[in-house]
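Spelled out from the first residue to the last, the chains are:
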There are 2 protein chains.
Amino acid sequence: MAFSNTSSYLKLQKLAEAPVDLKTVLTPERVHSYLAKSLGLKLFYGTERVSDEVLHALFDLAKESQALEKMTAMQAGEKVNSIHGYPSENRPALHTAMRDVFDKTHEQPEAKKAADLARQEIEKLKKVLPKLDHFTTLVQIGIGGSSLGPEAICDSLGAYHRSGKKVYFVSNVDPDELSAIFKDLDLSKTGVIVVSKSGSTLETLTNETFARSLFLKANVKPEKHFIAVTQKGSPMDSPARYLASFYMWDYVGGRYSVTSMVGGVALSFLIGVDRFLEFLKGAHEMDLLALNPDPRKNLPLLSALLGIWNRNFLNYPTVAIIPYSYALRRFPAHLQQLDMESNGKRIDKLGKSVDFDTGPIIWGEPGTNGQHSFFQLIHQGTTPVPLEILGFKESQYGQDIDVESTFCQEKLLSNLLAQSIALAQGERSDNPNKYFPGNRPNRILLAEHLDPKTMGQILAYYEHKVAFQGFIWNINSFDQEGVQLGKVLALKMMRQFAKKRTSVSESYLLGEAYLKEIF
Amino acid sequence: MAFSNTSSYLKLQKLAEAPVDLKTVLTPERVHSYLAKSLGLKLFYGTERVSDEVLHALFDLAKESQALEKMTAMQAGEKVNSIHGYPSENRPALHTAMRDVFDKTHEQPEAKKAADLARQEIEKLKKVLPKLDHFTTLVQIGIGGSSLGPEAICDSLGAYHRSGKKVYFVSNVDPDELSAIFKDLDLSKTGVIVVSKSGSTLETLTNETFARSLFLKANVKPEKHFIAVTQKGSPMDSPARYLASFYMWDYVGGRYSVTSMVGGVALSFLIGVDRFLEFLKGAHEMDLLALNPDPRKNLPLLSALLGIWNRNFLNYPTVAIIPYSYALRRFPAHLQQLDMESNGKRIDKLGKSVDFDTGPIIWGEPGTNGQHSFFQLIHQGTTPVPLEILGFKESQYGQDIDVESTFCQEKLLSNLLAQSIALAQGERSDNPNKYFPGNRPNRILLAEHLDPKTMGQILAYYEHKVAFQGFIWNINSFDQEGVQLGKVLALKMMRQFAKKRTSVSESYLLGEAYLKEIF
């Protein structure tokens, strides 16, 4: 049944006509009761505009849309990446198998086979890592999911980085990116990880060629420094050209690939393989929690439902992800891809145009910095922006100082909580410029400490929140046909550039018009 | 007259009922004629959903709202930062005076005085810089406008950085940020710029205290390493504690302060004072262009009008800023503050609630990376996202490689142009998943080369685009009352933390509820 035809949808539409007024309902009791706890994480959602009635209708919506059954099917390796009746990728989405490497949770053949293969890569990684130990620096060349997620996770665990080890990421075809990053590198101590599933991603191959030319210029042999992460049998699966090759599979989408070797090689180089395994363990724990039928325990399901309330019933077009954590400074950029590429869709799984809004626009920067910046609009602008706030009880480095009776970490948490409350409650004033309308919805995911295991939990929490929303909307969250047209036109445009030097005969008038104005 | 009562508003509302269909109108001729050129910059706007009729109505709107007169008044030093009939900051917004240091354009006493003071600081800077030359590293401590803009501009000019010089920014009160950045620094070669206009910004003072404690621990004298940028007479204006003090003024708002010493000290350390002056020169050129009455020449005015068409008449809630430039990777975060803090307002200059939408939600990441990420939603999502694309004809470093008949910079430009066209034109397909609706509005600002002068132009282009939109909406783009409530509640919350150790008597029940759940 289509999302907008479910009986819960109609009920929720009715309820959205008069959502609770947070200015009056936000009490200490609500803080205590609108709080979900699992795996050491706490999700405070008393500052969302929901009532018990709304929550029950949302839980019914989850049932009606068979959200849990679909999550179970996904983890079991069913072909959830498909559009019925039309050619589609038609394959499983088995990123959860990448971390089902501890106790063999899933015994279905597809999931089990994927987990076995993932384990083989981890064993390979353990053997290859010592060969990378004389490198001080790794540069990962990859784009989209081969860059954003791995970079965000590498950055998030700064206090766990091994001394003297650095990882950089080159993604864009912009030559200045590679130039800037390679400028100060000692190539004799630098390894390069090239990540492309197909082995034919234009940006990645171009940057690899560029990087290899720099190694050759410096008289350093690329084949002793370059590592491939690609699909078995791809043009990049070539032992003569790489120090080592790791495999990835078509059932792990780019934006869901952080826990595969796409993230695993760089992360293990930085924090060691044992901590990488803790990271996988955290993600695996969240995978299991996502199967929990109690929506007050199943944090990603609960978060997905609250998001759907804000998106489809209160009609907010965007969501800001605000980590009160410097370590998570690049995490919103990963979530931007994860969410918007998964759920920025206009057809459902039957190929029909949807008559409701799908994925919102996701963006964000760390608080407290944001408070001195775009929070002005969030408090007093004309378009309310729901917030997903992330925070930690303790700092990661454990260094702190008492200034005017509080420590920095306490100031940070004070700001986090104050914003959540201020946005919900608003404030009256006779001066219209000091009036805050309030009722700006937000929720807080709070963890104890940002360690590898917790990072794995939080990563998978978001992966499953996104998947649950897709399941409920009945869209395909695992393909990305929308990125194809630009690729085709870019190739056409490149042929216009090449025309200057080669004998391309075809002509692209629109492209020519632009080039005439530019050159 | 209120924005929504102008006759142009009504006309534009009518026109918005049937905007042009880009799928049919986008021709080479349109590319040539919907192109504005000034100062070596090119603004391609044929991919916006505008017709000549819409453009004329927008130009009338600019006249009716006296946009140019207000820009002239702003640059002349009139008190544009005010709300009539209510207590307000009630002062000029004279960031343009910071770069009116070449040929004394403005002779009005307020503007002239401000320009003279700005010149004094530049002279001071020339004297102080040699004293910083033995530093390899500067860390700038500041938050909001004292961090985002300066960081974005420092990052943007990587190819011009003096060899061996680095600048880092610490903004958040998160202790992990300072810990991570100071981890590997040689403090004997590190200077610290502390930026706070009031000299009492909580985050900044806390981080300064934290940083000073690290210097003392390392037996390095802070007073020989710390530099103040603050208002004359502030608690930070204390020669005994700082190697040098630079001044800023209340008529330069944080988010408009990049061209003052807030950005000037760090930037001059990185690229040298002569190039900093080129940067100012570029900004000054754009200031003058913003006074040009021809809206087809006045790029910031034209861009402001196109933005208002998208925001108020086509009703799009967000704008994505997509620089096809690694160097501009942090520029969208600066524009996020600049735009959302300036125009995220709910009252007009008479203190009345607006009955139209003000500033949109601004976000963005560099292309081409975004193409492999959130562009899925931009092409096929349910909420169209207007794009402001930025690009450069040449690369900054001048290093490049020919791979399969095109250079990287050509591939980069090909992608930029292809996306602009693909979003506008869309594509038909019998497979609903390969159908692109098109009519996704976007425009391209293209420059020759990302050098200091061009960066100054682009920075001021955005400052004036934002100011023009505020002038047309008749809101105050120069205050930020919306950030105050959170500060007040954060102090209340901090007192709850301090209670554990000190004898605070008052109690904040809501705060206590959260702390009880967390600790």
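Residues numbered from 1 in each chain as written. Chains lettered and ligands numbered in written order. Predicted model: local features only at pLDDT ≥ 70, side-chain atom pairs only at ≥ 80, totals over all residues. Heavy atoms only, no water.

**Details of the overall build of chain A**
- Across its full length, chain A holds 18 helices and 13 strands.
- Taking 24 Å as the expected radius of gyration for a compact globule of 519 residues, we find that chain A reaches 24 Å, a close match to that expectation.
- Taken over the C-alpha atoms alone, chain A extends approximately 70 × 60 × 60 Å along its principal axes.
- The long-range fraction of contacts in chain A, counting pairs at least 24 apart against all pairs at least 6 apart in sequence, stands at 74%.
- Carbon and sulfur atoms make up 51% of the accessible area of chain A, which amounts to about 16,700 Å² in all. (Helix = DSSP H or I, 4+ residues; strand = E, 2+ residues; numbered from the N terminus. Rg over C-alpha atoms; globule rule 2.2 N^0.38 Å. Contact = heavy atoms within 4.5 Å. Areas by Shrake-Rupley, 256 points an atom, 1.4 Å probe, with all protein chains shown as cover.)

**Considerations on the pairing of strand β2 (residues 41-44) of chain B**
All names here are of chain B.
- Here β2 shows a buried face lined by L41 and L43 and a second buried face lined by K42 and F44.
- Where strand β1 (residues 35-38) meets β2, four bridges bridge the pair, whose relative direction is antiparallel. Each residue of the ladder has a partner; that of S38, found in β2, is L41.
- Here β2 pairs with strand β13 (residues 442-447) via three bridges, running antiparallel. The residue of β13 that forms the bridge with L43 is L445. (Buried < 20%, exposed > 50% of the residue type's maximum accessible area, 1.4 Å probe, protein only. Pairing = 2+ DSSP bridges.)

**Brief notes about the packing of aromatic side chains**
All names here are of chain A.
- Summed over all chains, the structure comprises 38 aromatic pairs over all chains.
- For the pair F182 and F215, a centre-to-centre distance of 6.5 Å together with 80 degrees between the ring planes defines the contact as edge-to-face. One end of the pair, F182, is in helix α8 (residues 175-182); the other, F215, is in helix α9 (residues 202-217), and 33 residues separate them in sequence.
- The class for F182 is buried, based on a relative accessible area of 7%.
- Of the residues examined, F215 reaches a relative accessible area of 0% and is grouped as buried. (Phe/Tyr/Trp six-rings, centres within 6.5 Å; stacked < 30°, edge-to-face > 60°.)

**Description of helix α13 (residues 331-343) of chain A**
- Here α13(A) contains 13 residues, and its C-alpha end-to-end distance of 18 Å stays within 8% of the 18 Å for a straight helix at 1.5 Å per residue.
- Within α13(A), 13 of the 13 residues are buried, leaving the element largely enclosed by the surrounding structure. (Expected span 1.5 Å × (residues − 1).)

**Overview of the nonpolar core**
- A:W309, A:F331, A:W363, B:W309, B:F331 and B:W363 are the most contacted members of the largest nonpolar core, which totals 320 residues.
- Discounting residues that sit within four places of it in the chain, A:W309 has contacts with A:L12, A:L15, A:A16, A:P19, A:R49, A:V50, A:V54, A:L58 and A:L314. (Core = buried A, V, L, I, M, F, W, Y, C linked by side-chain atoms within 4.5 Å.)

**Re the relation of the copies chain B and chain A**
- Take chain B, turn it by 180 degrees, move it 0.0 Å along the axis, and it overlays chain A with an RMSD of 0.0 Å. Between the two chains, the operation in question is that of a two-fold axis. Judged by C-alpha distance, B:W363 is the residue of chain B that lies nearest the rotation axis, at 3.2 Å.
- A shared interface surface links the copies, since 99% of the contact residues of chain B are contact residues in chain A too. (Least-squares fit on C-alpha atoms with pLDDT ≥ 70 in both.)

**A closer look at the packing of helix α10 (residues 261-271) of chain B against helix α11 (residues 273-289) of chain B**
All names here are of chain B.
- Put simply, α10 and α11 touch, their axes get as near as 7 Å, and they point 135 degrees apart. Between α10 and α11, the crossing angle belongs to the class labelled oblique. In this structure, α10 meets α11 at a crossing whose hand is right-handed. Counted together, M261, G264, L267, S268 and I271 of α10 and V273, R275, F276 and F279 of α11 form the full contact between these two elements.
- Partitioned by chemical class, the residues of the contact of α10 with α11 number six nonpolar, two polar and one charged. (Axes fitted to C-alpha atoms, helices over the stretch in contact; angles between N-to-C directions. Parallel < 35°, antiparallel > 145°, perpendicular 65-115°, else oblique. Left-handed = near helix turned anticlockwise from the far one by under 90°. Nonpolar A, V, L, I, M, F, W, Y, C, P; charged D, E, K, R; others polar.)

**Some thoughts on the interface of chain B and chain A**
- Each side of the interface is counted separately: chain B has 150 residues, and chain A has 149 residues.
- When chain B packs against chain A, the two sides together hide about 12,900 Å² of surface, and 64% of this comes from carbon and sulfur.
- Taken together, the connections running from chain B to chain A amount to eight salt bridges.
- Linking chain B to chain A there are 54 residue pairs in polar contact (both at pLDDT 80 or more). (Buried area = accessible area lost by both parts, 1.4 Å probe. Salt bridge = Lys/Arg side-chain N within 4 Å of Asp/Glu carboxyl O. Polar contact = N/O pair within 3.5 Å; in protein donor to acceptor, adjacent residues only side chain to side chain.)

**Considering the sheet that holds strand β8 (residues 318-323) of chain B**
All names here are of chain B.
- Overall, mixed pairing links the six strands, which are arranged β1-β2-β13-β10-β8-β9 in an open sheet. Strand pairing shows two members of the sheet lacking a second neighbour, β1 and β9 (361-363), which therefore form its edges. Shown here is a sheet whose adjacent strand axes are inclined to one another by a mean of 15 degrees, direction ignored.
- Running at roughly 165 degrees to strand β10 (residues 387-392), helix α16 (residues 452-473) makes contact with β2, β8, β10 and β13 of the sheet.

**With respect to the pattern of salt bridges**
- Enumeration over the complete set of coordinates arrives at 56 salt bridges over all chains.
- Among the salt bridges present, the one from A:E365 reaches B:R330, with a minimum N-O distance of 3.0 Å. In this pair, A:E365 sits in the loop between β9 (361-363) and α14 (375-380) while B:R330 sits in the loop between β8 and α13 (331-343), so the two residues belong to two different chains.
- Note that A:R443 is salt-bridged to A:E388, the shortest N-O span being 2.9 Å. Of the two residues, A:R443 sits in strand β13 (residues 442-447) while A:E388 sits in strand β10 (residues 387-392), which places them 55 residues apart along the sequence.
- You can call A:E388 buried: its relative accessible area is 3%.
- Counted as one network, the salt bridges with shared partners bring together A:E48, A:D339, A:E388, A:R443 and A:K465.

**Some points on the side chain of A:E463**
Residue and element names in this part refer to chain A.
- By the element assignment, E463 lies in helix α16 (residues 452-473).
- By relative accessible area, E463 is classed as buried at 0%.
- Within the local environment of E463, its side chain forms a polar contact with the side chain of R99, the two groups lying 2.7 Å apart.

**Some points on the packing of α13(B) against α16(B)**
Residue and element names in this part refer to chain B.
- At a minimum axis separation of 10 Å, α13 and α16 run at an interaxial angle of 20 degrees. Regarding the angle of α13 to α16, the classification is roughly parallel. Viewed along their axes, α13 and α16 form a crossing whose handedness is right-handed. Facing α13, whose interface residues are F331, H334, L335, L338, D339, S342 and N343, α16 presents M455, I458, L459, Y462, E463, K465, V466, Q469, G470 and W473.
- Its residues assigned to classes, the contact of α13 with α16 comprises nine nonpolar, five polar and three charged.

**Observations regarding the confidence of the model for chain A**
- Confidence in the prediction of chain A, expressed as mean pLDDT, is 96, and 99% of residues score 70 or more.
- Of the two predicted TM-score estimates for the complex, the pTM is 0.98 and the ipTM is 0.97. (pLDDT = per-residue confidence, 0-100.)

**Comments concerning the environment of B:A498**
Residues and elements named next belong to chain B.
- Within the element layout of this structure, A498 appears in helix α17 (residues 484-499).
- Exposure remark for A498: the relative accessible area of 5% places this residue in the buried category.
- Sequence spacing of A498 and H134 is 364 residues, and the spatial spacing of their C-alpha atoms is 41 Å.

**Some details on the pairing of strand β7 (residues 244-248) of chain A**
All names here are of chain A.
- By the criterion of burial, β7 is predominantly enclosed, with five of the five residues buried.
- Every second residue of β7 is oriented toward a common face, with A244, F246 and M248 on one face and S245 and Y247 on the other, all of them buried.
- Examined bridge by bridge, strand β6 (residues 226-231) and β7 share five bridges and lie parallel to one another. By the bridge assignment, Q231 is partnered in β7 with M248.

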